[in-house]
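# Results of the structural survey
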Amino acid sequence: MGDVSSPVDRIRRRCRRGPRGYARLAGVLAVTMVGLATPCATNAATPRFPAGPTVRGMDVSGHQGTVDWATAWHRGARFSYVKATEGTGFRSPTFRAQYEGAARVGMLRGAYHFGRPDISGAAEQARYFVAHGGDWSPDGRTLPGVLDIEYNPYGPDDCYGLTPAAMSGWIAEFSDTYRALTGRFPVIYTTRNWWNTCTGGNPDFAANNPLWVARYGPRVGALPAGWRTHAIWQHDNRGPLPGDQNLFNGDMAALERFAMGPTAP
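Attention in this report is confined to the structure presented alongside it. No experiment lies behind these values; they were computed from the predicted model shown. (Residues numbered from 1 in each chain as written. Predicted model: local features only at pLDDT ≥ 70, side-chain atom pairs only at ≥ 80, totals over all residues. Heavy atoms only, no water.)

### Some points on the overall build of the protein
A count of helical and extended segments in the protein gives seven helices and nine strands. Pairs at least 24 apart in sequence give 66% of the contacts found in the protein among residues at least 6 apart. Accessible area for the protein stands at about 10700 Å²; split by element, carbon and sulfur atoms hold 52% of it. (Helix = DSSP H or I, 4+ residues; strand = E, 2+ residues; numbered from the N terminus. Contact = heavy atoms within 4.5 Å. Areas by Shrake-Rupley, 256 points an atom, 1.4 Å probe, with all protein chains shown as cover.)

Next comes the structure, spelled out in structure tokens:
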């Protein structure tokens, strides 16, 4: 197959400094970067991690290929998210090996889906995600699935041609379908400026959907509209761990409760 990643992962290799790494590629694709400390440039400042307890984690996709999970564990990673699907036509060929590799060393692990509102309905994509790795189990080791919804890497319109109302409806349909299939609301991965622009600052999702916020800088900063706190902070894409660097907002016991679901004691 040559390249084992999807087109969006290949784009990320061109500029890995923004949330999941996009830049304007002259003559190829136009993608707007908004809300970062310095797009496509390493932020030299040491992240000022929250004063409270955190748990170190990572997220990977086909771009990372074979991951040395034992070393990642030794360096402090206790959870990982793995790319499973994109749209309704892409399944990461590295998903199974990465997902099982994380589990073998004792990490809590979950799957994420890169949303493509421009190619199909949200319910169809949620079903595709669940059928190909995104399901959830109350086994205490499986993290809830993630909807990765962010800048459009395939065209100049960051919002995939949707109005804020239409985008909000698409995300709600994905969330509701995923919950109907799994019993959990999905985590939403996004940036503050994408969310506030493309959903019109819709605050309604904060009540049910945990937030995974991408912000490469010295602190988490202001959150997307509605959320008062975040579950996970993606603070860099380079560091001691393979893939993107993340912190769970809580201690290990809180992370385990997060895996178990809202009914966990």
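There's plenty left to go through after this.
### A word on the pattern of salt bridges
Applying the stated criterion across every chain, the model contains three salt bridges. Residue Glu86 pairs with Lys83 through a salt bridge whose shortest N-O separation is 2.7 Å. With a relative accessible area of 5%, Glu86 lands in the buried category. For Arg116, the salt bridge is made with Asp118, and the minimal N-O distance between the two is 2.8 Å. Looking at Arg116, the relative accessible area reads 11%, which means it is buried. Each member of the salt-bridge network shares a partner with another, and the members are Lys83, Glu86, Arg116 and Asp118. (Salt bridge = Lys/Arg side-chain N within 4 Å of Asp/Glu carboxyl O. Buried < 20%, exposed > 50% of the residue type's maximum accessible area, 1.4 Å probe, protein only.)

### What to know about helix 4 (residues 122-134)
In a regular helix each residue adds 1.5 Å, so 13 residues correspond to 18 Å; helix 4 covers only 14 Å between its end C-alpha atoms and thus falls short of that length. Looking at the buried side of helix 4, the elements it contacts are strand 2 (79-86), strand 3 (90-91), helix 3 (95-104), strand 4 (108-114), strand 5 (146-148) and helix 5 (164-182). (Expected span 1.5 Å × (residues − 1).)

### Remarks on the environment of Gly121
Within the secondary structure, Gly121 sits in the loop between strand 4 and helix 4. As a C-alpha pair, Gly121 and Trp170 span 49 residues in sequence and 7.2 Å in three-dimensional space. Contacts of Gly121, omitting those with residues within four sequence positions, involve Trp170 and Glu173.

### Focus on the environment of Gly250
Assignment of secondary structure puts Gly250 in the loop between strand 9 (244-248) and helix 7 (252-260). Taking C-alpha positions, Gly250 is 8.0 Å from Ala231, a pair spaced 19 residues apart along the chain. Not counting the four nearest positions on each side in its chain, Gly250 is found in contact with Pro53, Thr54 and Val55.

### What to know about the pairing of strand 6 (residues 187-190)
Side chains Val187 and Tyr189 project from strand 6 onto one buried face, and the interleaved Ile188 and Thr190 project onto a second face that is buried too. With three bridges joining them, strand 5 and strand 6 adopt parallel strand pairing. Each residue of the ladder has a partner; that of Asp148, found in strand 6, is Tyr189. In this fold, strand 5 hands off to helix 5, which returns the chain to strand 6; that crossover is right-handed. Of the strand pairs in this sheet, strand 6 and strand 7 (residues 211-214) are connected by three bridges, and their pairing is parallel. Along strand 7, the bridge assignment pairs Thr190 with Val213. (Pairing = 2+ DSSP bridges. Right-handed = clockwise from strand over helix to strand, strands pointing away.)

In short, the description is geometric, and any link to function would need to be established separately.
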